[in-house]
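One letter stands for each residue in the lines below.
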Amino acid sequence: MKGYTLFLASAVFALLLSACGNKNGQYDASGIFEATEVIVSSQGTGALIRFEVTEGAELAVGKEVGCVDTLQLHLKKMQLLANMEAVESRQYNVSKQVASIEQQIATQRKERKRYENLVSSNAANQKQLDDIDAQIALLEKQLIARKESLENNNRSVSGEHSGLLIQVAQVEDQIRKSIVSSPINGIVLSKYAERGEFVTQGRSLFKIADIKNMFLRVYITADQLTSLKIGQQVGVYADQGKSDRREYAGIICWISDKAEFTPKTIQTRDERSNLVYAVKVAVENDGYIKKGMYGEIKIN
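If you're wondering where the values come from, they're calculated on a predicted model, not measured in any experiment.

Asker: Residue-level account of the pairing of strand S9 (residues 233-240), with values.
Answerer: Regular strands place side chains that alternate from one sheet face to the opposite one. Examined bridge by bridge, S9 and strand S10 (residues 244-255) share eight bridges and lie antiparallel to one another. Considered in S10, the bridge of Asp 239 is made with Arg 245.

In C-alpha cells form, the structure reads like this:
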C-alpha cells in the first residue's frame, strides 16, 4: 500500500511537470515591456516661475507645463528694438538728398541750350558755352559722388540693422525656449524640480514616457531568426493575474544585427551560454500593460 501511494504521488508530480512544460513551450520568446522615455530639461536659466507637473499626470504633446523667468530677456529685446529705431533714423533718402544737384544740372542744361542758340546766331561767344559745359560736367561728378556716399552709408546702416534683427531673433528664440512643454504624448514618471527653484540650462525637470505605444524586447535564437522579418505580425501575451494572459497584436519593428549572450535575468545557466538576437515588438497598449512587466510572443 505504501509503495502504491509513492507511485501515485510520483505520477501526479510528473503530470504537473509535463503540464507546466507544455504551457511554457507554447511561447517562442519572452522579455520585458519597455516604453519610450524622454527626460525634459530646461533650455533657459533663471527662476522656475511656473511648473505644473504632477507625477502620473497624462500630458499631450506640446502641452505647456512651466516657464523660466524671461524678464531680463524681455528687457534685452526692448533695448535692441530701441537701437534698431536709432539705426533706422540714420538711413538717407537718396532721391531727396540729390534732388538739388539734379535740379542744378537740369537748369544748366536749359541754359546751355539757350546759349547754343545764341552762339549759332553770333549773339554770344563759344567760351560762355564751354563754361556751361564745364559746370554741367562738374555737377554730374558731384551727383555721382553724392549718390555713392549716400548708398555706402545706407548699406552700412542696413548691415547694422540686419545684425540687430538677428540679435532680436536670438532673444525671441531664448524666450520661446524658456517655456517648458511636453515633447510627446505620455505619462509623467518622475519630477526633478519644483516651482520657484533656480534652474540652469540642461537641468532635468521631469521624465515622461509614451505608454500608449510600448515595446516588448525579447531574445530569439539563430534558428528562430530565419522566421522573422521587420513588419511581421506576431502574437504578444502579457500577464493578467496569476495564471491568465492578455493577448495583443504586435509588429516586429527592430531586429538586432549582432548576436549576444542571453540576459542572465531571463534564461537558465545552460541557455545563457547560447548566443541570441534582441528583437523589439511594437504593441499598442490598452492600459493594462505596465513598464517592466514580463511578456511573451508567439511567432505566427
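Asker: I'd love a proper account of the confidence of the model for the protein chain, names of residues and values included.
Answerer: Overall, the predicted model of the protein chain reaches an average pLDDT of 86, with 87% of residues at or above 70. Low pLDDT, under 50, characterises residues 1-24; the stretch is placed with one contact to residues that sit more than four places away or in other chains.

Asker: Could you give an account of the sheet that holds strand S4 (residues 64-68), naming the residues involved and the relevant values?
Answerer: Spatial strand order, S5-S4-S2-S7: four strands in an open sheet with antiparallel pairing. Of all strands in the sheet, those bounded by a partner on one side alone are strand S5 (179-181) and strand S7 (198-199).

Asker: Which residues make up the pattern of salt bridges, and what values do they have?
Answerer: Inspection of every chain in the model, using the stated rule, returns 19 salt bridges. Between Arg 109 and Glu 140 there is a salt bridge, with its nearest N and O atoms 2.5 Å apart. Placement of Arg 109 in helix H4 (residues 99-120) and of Glu 140 in helix H5 (residues 126-177) is noted, with a sequence separation of 31 residues between them. The closest approach of N and O atoms between Arg 203 and Glu 197, which form a salt bridge, is 2.9 Å. Taken together, the salt bridges that share partners define one network made up of Glu 37, Lys 207 and Lys 291.

Asker: Tell me about the packing of aromatic side chains, and please be specific about residues and values.
Answerer: Per the stated rule, a full pass over the model turns up two aromatic pairs. Taking the centre distance of 5.1 Å and the plane angle of 55° together, the rings of Tyr 27 and Tyr 237 count as tilted. Of this pair, Tyr 27 sits in the loop between helix H1 (2-25) and strand S1 (29-41) while Tyr 237 sits in strand S9, placing them 210 residues apart in sequence. For the residue pair Tyr 27 and Tyr 237, the accessibility class agrees, reading buried in each case. An angle of 50° between the planes, with centres 6.3 Å apart, marks the rings of Phe 51 and Phe 206 as tilted.

Asker: Outline the environment of His 74, listing residues and values.
Answerer: Residue position: His 74 is located in helix H2 (residues 71-88). With a relative accessible area of 40%, His 74 lands in the partly exposed category. Each C-alpha atom of the pair His 74 and Val 168 lies 10.0 Å from the other, and the pair is 94 residues apart in sequence.

Rules behind the numbers
Residues numbered from 1 in each chain as written. Predicted model: local features only at pLDDT ≥ 70, side-chain atom pairs only at ≥ 80, totals over all residues. Heavy atoms only, no water. Pairing = 2+ DSSP bridges. Helix = DSSP H or I, 4+ residues; strand = E, 2+ residues; numbered from the N terminus. pLDDT = per-residue confidence, 0-100. Contact = heavy atoms within 4.5 Å. Salt bridge = Lys/Arg side-chain N within 4 Å of Asp/Glu carboxyl O. Phe/Tyr/Trp six-rings, centres within 6.5 Å; stacked < 30°, edge-to-face > 60°. Buried < 20%, exposed > 50% of the residue type's maximum accessible area, 1.4 Å probe, protein only.

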